[in-house]
Structure formats: C-alpha cells, structure tokens
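# A structural walkthrough
Single-letter residue listing:
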Amino acid sequence: MNTTGTTPLRAVALVCTLSPSPKPSSSQLLAEQTMAALADHGVTGKTIRIADHDVKTGIGTDLGDGDAWPEIRDTILGADILILSTPIWLGHPSSIAQKVMERLNAEISENDDEGRMLTYGKVAAVCVVGNEDGAHKVSADLFQGLNDAGFSLAPNAVTYWVGEAMQHTDYQDLDKTPEKTATTTKTLATNTAHLARQLKANPYPPA
C-alpha cells in the first residue's frame, strides 16, 4: 500500500527580514502563512528569524566563536522541507538571505557514505515580499542557489506579493491576504509536501 500521502514531514522556514524580533515583518507573515498551508498536508515545523541569531558571515558549517549557524543547520538537516522567506531590497534578496545561501554553499562538500550531499532528498521553496516588481528575479536567484546546495524544487515553488511601485504599503498592512497570493501559497504547499513525501519514500540513488 502506498503510504506516502500520510508520511509525517518536518519543515523549517528561515525568515530573512533585516529586522530582528519583535518588529513586525511581512516576510515573517508570509512564511507563517506558508507553514500553516503546509500543516494542512500533515507537515509540522518551526520558523526561525535569522536576524535574531548570530549567524556568522562566510562559508562553512561552523565558523566558531558563538556562530549560531550549526544549530540552525541541524534543524535544516532534521527537516524534509526548507522554506526561505525574503524581502526584496534593491531588486535582490536581502543581505541576510544571501548570507544564508553562502552558509548553505558549504553543503556542497558534505556527503553521506554513498557520496550524496546531505541535503539530497530535501525540498525547498521560497517566499518573497516587496514593494516593487522583482519577485521572479529574486526567486530565480534563490532557486539556483538552493538547487546547487542539493535541494529539490517542486513546480510553483514560490509564493509572493509585490505592491505598487514607489508606494509604501507592506504586505503585513493589507486588510486581508490577496486571493492570488493565498492560492499560490496553497499550491506551493501542496506540491512541496507531495515532492517531499515522494523523495522520502524513494531517495535519489548514489552517483
């Protein structure tokens, strides 16, 4: 009997807002909405705001001297799904999102006993918020980096909201979630959970 539809899954969302808690964050909000949508598919997990932790700049799994990344990395490796949520700044992912990608780059050198990266079999997705068009460019940048770091991506693996250019409305300021964003978040969750279950049941073969 195929039980992949009910296999328990874990997810972690890394929120890459520049603002530490408790300041409200649109990136945090969209990440939490995505985690809630994943929960509808039997996925549990947690959200981590990177700005609340002393993640060192550089490439390596542990940069020492109080580096918070090793504990975050353990959470990523213990999960089946990684959600990366970022605002758009100057048309790019935030500097914190870039820092996370640089730390994930170290996974290229980390392999299991059969030569596979430790991130193989894990599925990633992206949340993007901003006040100018650029969500496709930002997600494209992150998609490539996540794939290089060993993560798989389902179809429609990004949910986003961008406001009118040169205005000051944030996603968190909206009276309600736009229907298109809500639908896209639901699709992301459905496809990401499905792919994660398939890969958990049928791991990638050794090279």
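Refer to the preceding data block for the structure.
Summarised in this report is the structure supplied together with it. Predicted model, so just to flag it, every value in this text is computed and none were measured.

## Remarks on the overall build of the protein chain
Within the protein chain one finds five helices and six strands. Relative to the compact-globule value of 17 Å for 207 residues, the protein chain shows a C-alpha radius of gyration of 16 Å, a close match. In terms of overall dimensions, the protein chain has C-alpha extents of about 50 × 45 × 30 Å along its principal axes. The buried share of the protein chain, reckoned over its 207 residues, is 45%. Pairs at least 24 residues apart make up 80% of the contacts formed inside the protein chain by residues separated by at least 6 positions. Summed over all atoms, the accessible surface of the protein chain reaches about 10,400 Å², with 51% contributed by carbon and sulfur. Here the protein chain holds 16 positive side-chain charges and 25 negative ones, and the gap between their average locations is 4 Å.

## As for the environment of T177
Considering the arrangement of structural elements, one finds T177 in the loop between β6 (152-162) and α5 (179-201). Expressed as a C-alpha distance, the spacing of T177 and G78, which sit 99 residues apart in the sequence, is 31 Å. Setting aside its immediate chain neighbours within four residues, T177 contacts Q33, Y171 and A182. A distance of 3.0 Å separates polar atoms of two side chains, one belonging to T177 and the other to Q33.

## Describing the side chain of K122
Within the secondary structure layout, K122 lies in the loop between α3 (95-104) and β5 (123-130). Salt bridges are absent for the buried K122, whose nearest opposite-charge side chain, D80, sits at 5.4 Å. In contact with K122, not counting residues within four places along its chain, are I76, L77, A79, D80, G150, F151 and S152.

## Section: the pattern of salt bridges
Scanning all chains against the criterion turns up seven salt bridges. Among the salt bridges present, the one from D54 reaches K56, with a minimum N-O distance of 3.0 Å. Among the ionic pairs, K137 bridges to D141, the shortest N-O distance being 2.7 Å. Taken together, the residues K137 and D141, both in helix α4 (residues 135-148) and four residues apart, mark about one turn of the helix. Assessed through its relative accessible area of 36%, D141 is described here as partly exposed. Shared partners join several salt bridges into a network, and the residues in it are D112, E114 and R116.

Procedures and definitions
Residues numbered from 1 in each chain as written. Predicted model: local features only at pLDDT ≥ 70, side-chain atom pairs only at ≥ 80, totals over all residues. Heavy atoms only, no water. Helix = DSSP H or I, 4+ residues; strand = E, 2+ residues; numbered from the N terminus. Rg over C-alpha atoms; globule rule 2.2 N^0.38 Å. Buried < 20%, exposed > 50% of the residue type's maximum accessible area, 1.4 Å probe, protein only. Contact = heavy atoms within 4.5 Å. Areas by Shrake-Rupley, 256 points an atom, 1.4 Å probe, with all protein chains shown as cover. Lys, Arg positive; Asp, Glu negative; His and termini not counted. Charge placed at Lys NZ, Arg CZ, Asp CG, Glu CD. Polar contact = N/O pair within 3.5 Å; in protein donor to acceptor, adjacent residues only side chain to side chain. Salt bridge = Lys/Arg side-chain N within 4 Å of Asp/Glu carboxyl O.

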